[in-house]
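# Summary of the model geometry
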Amino acid sequence: MPEDFSEAGFLAYADALRTLDPALSPLAAGIVAAVYQEIAADSRTFAKLFGIAHALVLREINQLTGPGTPLEIIRRDARTQRTYLELTVKGEALCRLIP
């Protein structure tokens, strides 16, 4: 997690993502923001940091990946289901629109 992390700043960033892409759910915007801001680049870390069930995070990630989506799954741990993510070109472009 970056040293200059602020909860209010993170939430404002996620809200701005949702404004730019209304198709993102609040959880989806949070996941995209966390990957972009290098807060969490995997499902288990995100779930643990924000106190959300890992299964809910995994379900949201499955909806966020694929052609034309902001995230790409780069690796999965078969035993823990931990899913590692990175932004797609679309995701990077979306995140860079926010100052």
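Scroll up to find the structure.
First, a word on what this report is: a plain description of the structure on this page. (Residues numbered from 1 in each chain as written. Predicted model: local features only at pLDDT ≥ 70, side-chain atom pairs only at ≥ 80, totals over all residues. Heavy atoms only, no water.)

### As for unusual backbone geometry
At Glu38, a residue that is not glycine, the phi angle is positive and equals roughly 55°. Unusually for a residue other than glycine, Gln81 sits at a positive phi of about 70°. Here Gln81 shows up in the loop between strand 1 (71-76) and strand 2 (83-87). (Helix = DSSP H or I, 4+ residues; strand = E, 2+ residues; numbered from the N terminus.)

### A look at the packing of helix 3 (residues 43-50) against helix 4 (residues 54-64)
One can describe the packing of helix 3 onto helix 4 by two numbers: an axis separation of 9 Å at closest approach and a directional angle of 130°. Viewed along their axes, helix 3 and helix 4 adopt a mutual orientation that is oblique. Judged by the twist between their axes, the crossing of helix 3 over helix 4 is right-handed. Residues Ser43, Arg44, Phe46 and Ala47 of helix 3 touch helix 4, and the partners they reach there are His54, Val57, Leu58 and Ile61. (Axes fitted to C-alpha atoms, helices over the stretch in contact; angles between N-to-C directions. Parallel < 35°, antiparallel > 145°, perpendicular 65-115°, else oblique. Left-handed = near helix turned anticlockwise from the far one by under 90°. Contact = heavy atoms within 4.5 Å.)

### As for the packing of aromatic side chains
Counted by the stated rule, this structure contains 3 aromatic pairs. With centroids separated by 5.8 Å and ring planes inclined at 5°, the aromatic side chains of Tyr13 and Tyr36 adopt a geometry described as stacked. Taken as a pair, Tyr13 in helix 1 (residues 7-20) and Tyr36 in helix 2 (residues 26-36) lie far apart in primary sequence, 23 residues in all. Where Phe46 meets Phe50, the ring centres are 4.7 Å apart and the plane angle is 35°; that geometry is what we call tilted. Linking Phe46 with Phe50, this pair stays in helix 3, spanning 4 residues, or about one helical turn. Judged by its relative accessible area of 31%, Phe50 is partly exposed. We note Arg75 situated over the ring of Tyr84; from NZ or CZ to the ring centre the distance is 3.9 Å. (Phe/Tyr/Trp six-rings, centres within 6.5 Å; stacked < 30°, edge-to-face > 60°. Buried < 20%, exposed > 50% of the residue type's maximum accessible area, 1.4 Å probe, protein only. Lys NZ or Arg CZ within 6 Å of the ring centre and 35° of its normal.)

### Description of the environment of Val89
With respect to the helices and strands, the residue Val89 is situated in helix 5 (residues 89-96). When the C-alpha positions of Val89 and Pro70 are compared, they lie 7.3 Å apart, and in sequence the two are 19 residues distant.

### Brief notes about the pairing of strand 1
The pairing of strand 1 with strand 2 spans 5 bridges and is classified as antiparallel. If you follow Arg75 over to strand 2, its bridge partner there is Tyr84. (Pairing = 2+ DSSP bridges.)

### Things to note about helix 5
For the α-helix, the turn length of 3.6 residues means that residues three or four positions removed from each other point alike. If you check which residues of helix 5 are buried, you get Gly91, Leu94 and Cys95. Considered in projection along helix 5, the buried side chains sweep an arc of 95° and stay on one side of the axis. Looking at helix 5, the residues exposed on the side facing more than 90 degrees away from the buried face are Val89 and Arg96. Tucked inside the fold, the buried residues of helix 5 contact helix 1, helix 2 and strand 2. (Arc of directions from axis to C-beta.)

### Brief notes about the nonpolar core
Within the largest apolar cluster, 26 residues are counted, with the highest numbers of intra-cluster contacts made by Leu17, Leu24, Ile31, Val32, Phe46, Leu64 and Leu71. Sorting the residues of this core by element identifies helix 1, helix 2, helix 3, helix 4, strand 2 and helix 5 as the ones contributing at least two each. Ranked by residue count, the leading element in this core is helix 2, at 8 residues. Setting aside chain neighbours within four positions, we find Leu64 in contact with Leu24, Ala28, Ile31, Val32, Thr69, Pro70 and Leu71. (Core = buried A, V, L, I, M, F, W, Y, C linked by side-chain atoms within 4.5 Å.)

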